[in-house]
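# Structural overview for review
Residue strings, one per chain:
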Amino acid sequence: KFFSGLTSVKLDKQTVPTVSIQSESELSFKLPAGNAGLVDLEILNPNGVSSQLSQAFKYEAPSVETVKVTLAQDSLVANGQATTQVTVKLLDQHGSVVADETVNLLADRGQVSQQAKNNQDGTYTATYTASQTIGTATITAVTSTGGKVGTASLELEPRQVSAAKSIVSQTSKWALIGPTGAKLQVKVLDQQGLPLSGQKVTALLEPAEQGSVAESL
């Protein structure tokens with residue numbers, strides 16, 4: 001028989017701070033920290049009346065069961081510089097977070113930190129940097145203990161030329177009449193202002209009757 005405010009509980013000789021009496025035959029309490037293994041349970045009632053059950057409760061060591069990997073963005077430009085945050089959340093067999101693990105990372109395209117930062121709250125973070133190859137990139141997280149695995153993917157998209165950011169210059173403000181002419185230089189930049197190679201550039205002269213462009217660049 002349990003008494004509200006009077007019945008107390010001990011686990012492995014540790015007094016449980018808060019005990020909730022549900023009825024004369026039922027109580028509940030929040031488990032104190034303990035070491036993995038079987039421990040004794042003791043119920044203490046007023047006037048020194050107590051009941052003890054030997055090895056009645058088992059503490060289980062938390063083990064990672066779920067590895068959730070999320071990315072701050074689902075796509076990046078494949079320019080070798082774009083980045084996004086990788087977040088890994090670990091859950092144990094009871095759905096509680098695991099905050100004392102080591103998480104290793106790898107990416108099949110681009111680069112990511114070899115080991116995620118432990119935020120001490122069950123989450124682990126790192127930075128991923130895009131490759132220069134378009135396609136799907138997969139980031140894999142692996143726990144050091146047990147080798148549990150989780151993955152997340154994002155799309156690496158083609159770079160786009162920016163006419164507004166690209167630069168056209170010439171070696172001289174003057175052009176001589178005849179084959180000598182003037183030389184134009186074009187620096188092609190993408191939407192992020194980064195140089196973009198392998199592009200075909202055609203130069204047009206306006207008005208056309210003032211001269212001509214020798215060839216495509």
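The text that follows walks through the structure, step by step, so that each part is easy to find. (Residues numbered from 1 in each chain as written. Predicted model: local features only at pLDDT ≥ 70, side-chain atom pairs only at ≥ 80, totals over all residues. Heavy atoms only, no water.)

### Remarks on the environment of Gln73
Mapped onto the secondary structure, Gln73 falls in the loop between strand S7 (64–71) and strand S8 (75–77). Look at Gln73 and you get partly exposed, because its relative accessible area is 37%. Placed 81 residues apart in sequence, Gln73 and Leu154 show a C-alpha to C-alpha distance of 7.5 Å. With sequence-adjacent residues up to four places away left out, Gln73 is seen in contact with Thr83, Thr84 and Leu154. (Helix = DSSP H or I, 4+ residues; strand = E, 2+ residues; numbered from the N terminus. Buried < 20%, exposed > 50% of the residue type's maximum accessible area, 1.4 Å probe, protein only. Contact = heavy atoms within 4.5 Å.)

### A few points about the nonpolar core
Residues Val86, Val88, Leu90, Val103, Leu105 and Tyr128 are the most contacted members of the largest nonpolar core, which totals 25 residues. For this core, the element with the highest residue contribution is S7, accounting for 4 residues. The contacts of Val103, once residues within four sequence positions are left out, are Val88, Leu90, Gln114, Gln115, Ala116, Tyr124, Ala141 and Val142. Counting residues in hydrophobic clusters, the runner-up holds 9 residues, among them Leu11, Val16, Ile43 and Tyr59. (Core = buried A, V, L, I, M, F, W, Y, C linked by side-chain atoms within 4.5 Å.)

### Describing the pairing of strand S6 (residues 50–59)
Looking at chain direction, strand S5 (residues 37–44) and S6 are connected through 7 bridges and run antiparallel. The partner of Leu41 across the bridge, within S6, is Leu53. Connecting S5 to the antiparallel partner S6 that follows it, the hairpin turn spans 5 residues, and Asn47 within it adopts a positive phi of roughly 65 degrees. (Pairing = 2+ DSSP bridges.)

### Points about the side chain of Ser131
With respect to the helices and strands, the residue Ser131 is situated in the loop between strand S13 (123–129) and strand S14 (135–143). Take Ser131: its relative accessible area is 13%, and that puts it in the buried class. A distance of 3.2 Å separates the side chain of Ser131 from the backbone nitrogen of Thr133, its partner in a polar contact. Setting aside residues no more than four positions away along its own chain, Ser131 makes contact with Ala78, Asn79, Gly80, Arg109, Gly110 and Leu156. (Polar contact = N/O pair within 3.5 Å; in protein donor to acceptor, adjacent residues only side chain to side chain.)

### Topic: the pairing of strand S3 (residues 19–23)
As judged from the 4 bridges shared by S3 and strand S4 (residues 26–29), these two strands associate in the antiparallel manner. Paired with Ile21 across the two strands is Leu27, which belongs to S4. The loop that links S3 with its antiparallel partner S4 comprises 2 residues.

Interpretation note: all reported values are geometric properties and have no functional meaning in isolation.
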